[in-house]
Amino acid sequence: MNITMPDADSESQRETPAPLTARFPELAELDGLDDDQRIAAFQQVLDALQQDLNESRDI
């Protein structure tokens, strides 16, 4: 059986995603928000992630 391992160079070229709280600092502050503010924060994060996904599909 022949198993091909990913090339080290191709692995290093992959973009490592930043932690969500680094990219979306509002997530680190959820405890201090009321419910409406939490919903708005989650919606902003979801919108940004959806946009990223859509852009990645366009490539």
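Just so it is clear, the structure is predicted and the values come from calculations on it, not from any experiment.

> Tell me about the overall build of the chain, and name the residues and values.
The secondary structure content of the chain amounts to three helices and zero strands. Sequence-ordered secondary structure for the chain, helices as α and strands as β, is α-α-α. Buried positions account for 10% of the 59 residues belonging to the chain. Accessible surface for the chain amounts to roughly 5,400 Å². Of this, 52% is attributable to carbon and sulfur atoms.

> Any chance you could break down the nonpolar core for me, citing the residues and the numbers?
With six residues, the main nonpolar core is built from Phe24, Leu27, Leu30, Ala41, Val45 and Ala48. Here alanine 48 is in contact with Arg23 and Phe24, once residues within four sequence places are set aside.

> Hey, could you go over the environment of serine 56 for me, with residue numbers and the actual values?
Mapped onto the elements of the fold, serine 56 is located in helix H3 (residues 35-58). Accessibility expressed as a relative area gives 43% for serine 56, which makes it partly exposed.

> Any details on the environment of leucine 27? Residues and values, ideally.
The residue leucine 27 is located in the loop between helix H2 (20-23) and H3 in this model. For leucine 27 and arginine 38, which are eleven residues apart along the polypeptide, the C-alpha to C-alpha distance reads 8.5 Å. Leucine 27 has contacts with Leu20, Thr21, Phe42 and Val45, leaving out every residue within four places of it along the chain.

> Break down the confidence of the model for the chain for me, citing the residues and quoting the values.
The share of residues in the chain with pLDDT of 70 or more is 71%, and the mean pLDDT across the chain is 82. Highest mean pLDDT in the chain belongs to H3 (95); lowest belongs to helix H1 (residues 8-13) (50).

Conventions adopted
- Residues numbered from 1 in each chain as written.
- Predicted model: local features only at pLDDT ≥ 70, side-chain atom pairs only at ≥ 80, totals over all residues.
- Heavy atoms only, no water.
- Helix = DSSP H or I, 4+ residues; strand = E, 2+ residues; numbered from the N terminus.
- Buried < 20%, exposed > 50% of the residue type's maximum accessible area, 1.4 Å probe, protein only.
- Areas by Shrake-Rupley, 256 points an atom, 1.4 Å probe, with all protein chains shown as cover.
- Core = buried A, V, L, I, M, F, W, Y, C linked by side-chain atoms within 4.5 Å.
- Contact = heavy atoms within 4.5 Å.
- pLDDT = per-residue confidence, 0-100.

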